[in-house]
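Fold and geometry: a report
This is what each chain is made of:
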Amino acid sequence: MQRIKLNPVRAILTVSLLLLFSRSAFSQDDLLNQLQEDQKPVPVSATFKGARVINGQSIETRDGGVMEVVIQHRFGRVNSGVENFFGLDEAYIRLGFDFALTDHLTVGIGRSSHRKIYDTFAKYSFLEQKTNGGSPVSATAFLSASTDTQDPPSGVELEFRHTMSYVGEVLVARKFSPGFSAQLMPVWVHRNLVQTPQDVNDVFALGVAGRQKISRRSALTFEYYYQFNNTTESENYNSLSFGIDIETGGHVFQLHISNSRGMIEKEFIADTDGKFLDGDIHIGFNIIRVFQLKKKGGPPKPMDDSW
Amino acid sequence: MKTINIIILSLLLPVLAHAQNYKSTESYIRFFSEAPLENIEAVNKDAVSAFNGKTGEIAFSIPIVGFQFEKSLMQEHFNENYLESGKYPTATFKGKINGYDPKETGFQDANATGKMKIHGVEKNVEIKGQLKVDGDKVTIKSVFPIKIADYDIEIPKVVFYNIAEVVEVTVNFEYAKN
């Protein structure tokens with residue numbers, strides 16, 4: 001048995017050489033890995049394809065300078081029979097213009113043929129989901145006011161304030177994967193005037209929505225609003241919709257089926273009279289055309305003139 | 001005494017070797033497609049890079065979502081449909097710069113060879129560019145073509161704008177000693 005003699009100088013030399021090698025090896029092999037740690041949190045884009053999931057809003061707002069023209073159709077009930085061509089004989093229409101004033105604030109106006117309702121809204125995205133340690137969800141606030149301009153039944157006198165309704169909503173969404181996104185939205189709907197004394201003026205609801213991409217340019221969508229406190233003598237059901245988004249360049253087509261026929265929150269959330277399982281289903285579509293009214297700041301300039 | 005010197009030197013060496021590492025302080029990546037209907041341009045200032053002045057090794061990483069277009073919809077299509085930034089968040093290059101004299105000041109021609117990874121597809125590439133070493137600062141610039149089909153990026157025929165089959169990419173980095 002021979003004892004190993006430890007020379008302190010040699011030991012230090014060996015250790016420092018080892019350190020040197022390990023350090024330089026690290027700095028060479030992992031040049032790219034080091035960079036990954038330097039990545040800043042980046043916002044997640046396109047959680048939903050459209051600014052509307054189906055009837056209701058999505059967290060999406062457009063970049064400043066973009067205008068969207070929204071043409072919405074809802075046909076009659078599918079179970080209204082062949083003499084009504086499964087509802088296609090009669091359509092409700094909403095024509096809308098959404099203006100993105102900034103990257104976070106969009107305002108819009110719209111007019112529905114049903115009850116001749118004019119609606120306005122403001123939508124503000126105040127939280128963005130980000131990768132690399134940023135916020136796990138995106139959130140948007142939505143406020144809307146609408147006025148029903150249909151003539152009241154004869155003998156009924158209405159003041160302007162009686163025709164008004166308001167909506168407040170918070171939308172929270174997460175893009176779980178490039179294909180799948182989900183959204184939760186608590187909503188408050190206030191009607192200044194309701195049909196009967198039994199009806200509540202304020203309806204509270206919770207919406208849930210999702211989308212699953214099935215190709216790079218199409219996705220399946222789903223939307224459901226649960227009402228907590230709507231008491232009314234007329235038929236009233238929760239709104240349930242299924243749809244498909246198809247994107248073709250500057251257009252988005254959204255085709256869907258729903259037991260709701262109204263296209264604004266006050267109508268589809270608080271005033272849906274069709275029962276989905278009884279076949280009270282409306283075929284509908286949204287066509288969204290995007291216009292870039294004002295170009296974005298454009299590509300940033302090079303670092304300095306010497307480039 | 002001699003041994004002590006060696007010890008001190010070997011202790012210092014890792015520090016010296018480390019001091020040859022450069023990290024990017026500014027970046028400018030541009031993508032330019034020239035097509036009859038419309039020229040498409042996007043610029044990204046969020047890229048990061050590291051450069052080893054001793055070995056010439058270089059790596060850079062470009063976050064795809066950092067590309068800024070004039071039209072928002074184009075930017076969304078670029079991310080969602082073409083580059084699929086959700087699946088492939090960065091474009092990277094890892095390689096080595098050859099053929100330059102580290103003592104020379106001013107811009108000089110240099111070659112970079114290595115692996116370019118875009119849209120999850122890795123290719124061996126050789127890029128011509130220019131490099132300037134100025135004390136603690138290093139600057140590189142390069143303009144080179146990329147054939148988008150090489151990286152399995154599909155551009156459908158029926159889109160309302162056209163993208164050239166070969167796009168021009170500009171890569172500029174400014175480094176400081178780490």
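These notes cover the structure that comes with them. Along each chain, the written sequence defines residue order, and numbers are assigned to residues from 1. Each chain gets a letter, beginning with A, and each ligand a number, beginning with 1, in the order they are written. Side-chain atom pairs in this predicted model are given and counted only at pLDDT of 80 or more, local residue features only at pLDDT of at least 70, and totals for whole chains, interfaces and linings cover all residues.

**Observations concerning the overall build of chain B**
In plain terms, the rule: Secondary structure counts use DSSP, requiring at least four H or I residues in a row for a helix and at least two E residues in a row for a strand, with both numbered from the N terminus. Field definition: a residue is buried when 20 or more other C-beta atoms are found within 10 Å of its C-beta, exposed when 12 or fewer are, and partly exposed for counts in between, with C-beta atoms placed from the backbone. By the convention adopted here, residues are in contact when the distance between their C-beta atoms, placed from the backbone, does not exceed 7 Å.
The helix and strand tally for chain B stands at 2 helices and 10 strands. Put simply, chain B runs from its N terminus to its C terminus through helices and strands in the order α-β-β-β-β-β-α-β-β-β-β-β. Buried residues in chain B amount to 33% of all 178 residues. For chain B, the proportion of contacts with a sequence separation of at least 24, taken over those separated by at least 6, is 55%.

**Observations concerning the overall build of chain A**
Broken down by element type, chain A carries 3 helices and 12 strands. Taken over 307 residues, chain A has a buried fraction of 35%. For chain A, the share of sequence-separated contacts (at least 6 apart) that also reach a separation of at least 24 residues comes to 57%.

**Quick look at the pairing of strand β11 (residues 251-258) of chain A**
Residue and element names in this part refer to chain A. Spelled out, the test is: We treat two strands as partners when DSSP finds at least two bridges between them.
Burial of the side chains of β11 is restricted to one face: Val 252, Gln 254, His 256 and Ser 258 are buried, whereas none of His 251, Phe 253, Leu 255 and Ile 257 on the reverse face is. As defined by bridge partners, strand β10 (residues 239-248) adjoins β11 across 8 bridges and the pair is classed as antiparallel. By the bridge assignment, Phe 242 is partnered in β11 with Ile 257. Where β10 folds back onto β11 in an antiparallel hairpin, the turn is made up of 2 residues, including Gly 249, whose phi is positive at roughly 60°.

**Some words on the sheet that holds β11 of chain A**
Whenever strands of a sheet pair, they do so through backbone hydrogen bonds, lying parallel or antiparallel. All names here are of chain A. Rules: All axes here are fitted lines through C-alpha atoms, helices being fitted over the stretch that makes contact, and every angle between N-to-C directions spans 0 to 180 degrees.
Sheet architecture is closed into a barrel: 12 strands sit in the order β1-β2-β3-β4-β5-β6-β7-β8-β9-β10-β11-β12, paired in antiparallel fashion. Direction aside, the axes of adjacent strands within the sheet are offset by 20° on average. As judged from the 8 bridges shared by β11 and strand β12 (residues 282-292), these two strands associate in the antiparallel manner. By the bridge assignment, Leu 255 is partnered in β12 with Phe 285.

**As for unusual backbone geometry**
With phi around 55°, Phe 86 of chain A is a residue other than glycine that occupies positive phi space. Relative to the helices and strands, Phe 86 of chain A is located in the loop between β1 (66-77) and β2 (91-100). A tally of 16 C-beta atoms within 10 Å means that Phe 86 of chain A is categorised as partly exposed. Phi is positive for His 119 of chain B, close to 55°, though the residue is something other than glycine. On the secondary structure map, His 119 of chain B appears in the loop between β7 (108-118) and β8 (121-134).

**Thoughts on the nonpolar core**
Within soluble globular proteins, side chains that are nonpolar tend to cluster in buried spots. Filter applied, for reference: Note on terminology: a nonpolar core is any set of buried Ala, Val, Leu, Ile, Met, Phe, Trp, Tyr and Cys residues joined through C-beta atoms within 7 Å.
Among the nonpolar cores identified, the biggest contains 40 residues, and Ala 59 and Phe 60 of chain B are the most heavily contacted of them. Apart from the residues within four sequence positions on either side, Ala 59 of chain B is in contact with Leu 31, Leu 32 and Leu 35 of chain A together with Ser 49, Ala 50, Phe 93 and Lys 94 of chain B. Ranked by size, the runner-up nonpolar core spans 23 residues in total, among them Phe 121, Leu 171, Ala 173 and Phe 268 of chain A.

**Observations concerning the environment of Glu 84 of chain B**
Tracing the backbone shows Glu 84 of chain B in the loop between α2 (72-82) and β6 (90-98). Once the C-alpha coordinates of Glu 84 of chain B and Asn 124 of chain B are considered, the two residues, 40 residues apart in sequence, prove to be 21 Å apart. Look past the residues within four positions of Glu 84 of chain B in its chain and what remains in contact with it is Pro 178 of chain A together with His 119 of chain B.

**Overview of α2 of chain B**
Considered for burial, the residues of α2 of chain B that qualify are Ser 72, Leu 73, Met 74, His 77, Phe 78, Asn 79 and Tyr 82 of chain B. Looking at the buried side of α2 of chain B, the elements it contacts are β1 and β12 of chain A together with β2 (40-44) and β5 (68-69) of chain B. Looking one or two residues past α2 of chain B, Glu 84 of chain B carries a phi angle of roughly 45°, positive in sign.

**Let's talk about the pairing of strand β10 (residues 166-177) of chain B**
Residue and element names in this part refer to chain B. The sheet contact formed by strand β1 (residues 21-33) and β10 spans 10 bridges and is antiparallel. By the bridge assignment for β10, Tyr 28 is matched with Asn 172. Of the strand pairs in this sheet, strand β9 (residues 137-147) and β10 are connected by 11 bridges, and their pairing is antiparallel. Across the sheet, Val 138 pairs through a bridge with Tyr 175, a residue of β10.

**Details of the environment of Ala 145 of chain A**
Structurally, the position occupied by Ala 145 of chain A is in strand β5 (residues 138-148). Other than its neighbours up to four places away in sequence, Ala 145 of chain A contacts Thr 120, Met 164 and Tyr 166 of chain A.

By themselves, these observations are geometric and do not establish any function.
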